[in-house]
Amino acid sequence: MASQEVIPLFGNMVRNSSRKDLILLRTETNGKGQHMSKVDLKGRDFLKLLDYTPEEILYLVDLAAKYKEMKKKGKLHDSLHGKNVALIFEKTSTRTRCSFEVAAHDLGMGTTYLDPTGSQIGKKESIADTARVLAGMYDGIEYRGFDQSIVEELAQYSKVPVWNGLTNEFHPTQMLADILTIREKLGRIKGVKLAYMGDARYNMGNSWMVTCAKLGMDFRACAPKAYFPDQELIKTCEEIAEETGAKLTFTEDPMEGTKNADVIYTDVWVSMGEPDAVWAERIRDLSPYQVNKKLMDNAAEGAIFMHCLPAFHDLKTKIGKEKGGQFGVTEMEVTDEVFESEQSVVFDEAENRMHTIKAVMAATLGA
């Protein structure tokens, strides 16, 4: 939503005075027939969960469950017919693109996909100008790419809601999908013990620490100290945790980090395009944090394995085969045994990306 206020990257529950605060309007029922409070998020951006209250986050999860149930029952929910959204992808994706396109279609909207060659954003046209051009044609704008500052600037100059599909620092739509998945599998959210294995410095480690702090969960970053999250963000999350009862732990010991964990979570160690030296360094540093049967056996009874995908769990991909041969590994952040086990819920997560993204668009566009 348009605003000239600069939003701090790691601000605690930042609100813009021009945006609506939490408003309880009426009760609805979610997909399970349970009552949920209606929260007014119309016109809001969805950039990072630091900007949202716990109540607002859980409302979006409830709304996603409601839409999921409607989808399964074949009930139409195209209340946004006639609206259109722009999808900017400076980083390509399978799950995020498909989720936004299918969700928008289900809601009755049209989409325009802009890949790295499909727009002038940041090249011949500034972020601010791009935001104002697109906001004149579309009802919402999604951005998936690089620095968080880009999506924040888009939102600053846009008069329509802007949604973060992923940046280097945060991945909020993935968090909603994961929280919905955890609630479906474990039946609860508050107090759930989540061990994040591997490089916790970037979007997934940051986002999980924020999410756990907001929702009163037990977050454990399990990695070499050099791979812990940013200290400023840790401080912000510790302040939030004091209010919600969350626990934040940072350990270099994989067995300590996964002891009695309800969820063991990991992500790829290296992003595409990184030089070979980075691959060699990460494989060396993070191999002790590979999710394997030993770590899963160390977790709580009924523990689940989660991954935002794609995963290097075998050599059946072009990149996996290439890097596996180059560095002498057959698996990286997770073993194929764990990935394909009954404890793995990675494909449930993938499906829930669509339902939760649908909730975000519907809520912020006033469906």
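It should be noted that the structure appears before, not after, this text.
This is a predicted model, so every value here is computed, not measured.

## What about the overall build of the chain?
Within the chain, the secondary structure is distributed over 13 helices and 11 strands. Classification of the 367 residues of the chain by burial places 58% in the buried group. In the chain, the share of contacts with a sequence separation of at least 24, taken over all contacts with a separation of at least 6, comes to 74%. In the structure as shown, the chain presents an accessible area of about 15400 Å², 50% of it carried by carbon and sulfur atoms.

## Description of the environment of Tyr265
Here Tyr265 shows up in strand S10 (residues 263–266). Among residues more than four places away in sequence, those in contact with Tyr265 are Gln174, Asp178, Leu194, Ala195, Tyr196, Met197, Met204, Trp208, Met306, His307, Cys308 and Glu349. Polar contacts involving the side chain of Tyr265 include one to the side chain of Asp178, which spans 2.6 Å. There is a polar contact of 3.4 Å between the side chain of Tyr265 and the side chain of Glu349.

## Here we look at the side chain of His355
Summarising the element assignment, His355 is placed in helix H13 (residues 346–365). Residue classification places His355 among the buried positions, given a relative accessible area of 1%. Of note is the side chain of His355, whose polar atom sits 2.9 Å from the side chain of Glu351. For His355, the contacting residues outside a window of four places in its chain are Ala64, Lys68 and Lys71.

## Quick word on the state of the cysteines
Overall, the coordinates contain zero disulfides when judged by the stated rule. With no disulfide of its own, Cys212 lies 9.2 Å from the sulfur of Cys237, the closest cysteine sulfur. For Cys212, a relative accessible area of 0% corresponds to the buried category.

The rules behind the values
Residues numbered from 1 in each chain as written. Predicted model: local features only at pLDDT ≥ 70, side-chain atom pairs only at ≥ 80, totals over all residues. Heavy atoms only, no water. Helix = DSSP H or I, 4+ residues; strand = E, 2+ residues; numbered from the N terminus. Buried < 20%, exposed > 50% of the residue type's maximum accessible area, 1.4 Å probe, protein only. Contact = heavy atoms within 4.5 Å. Areas by Shrake-Rupley, 256 points an atom, 1.4 Å probe, with all protein chains shown as cover. Polar contact = N/O pair within 3.5 Å; in protein donor to acceptor, adjacent residues only side chain to side chain. Disulfide = S-S within 2.5 Å.

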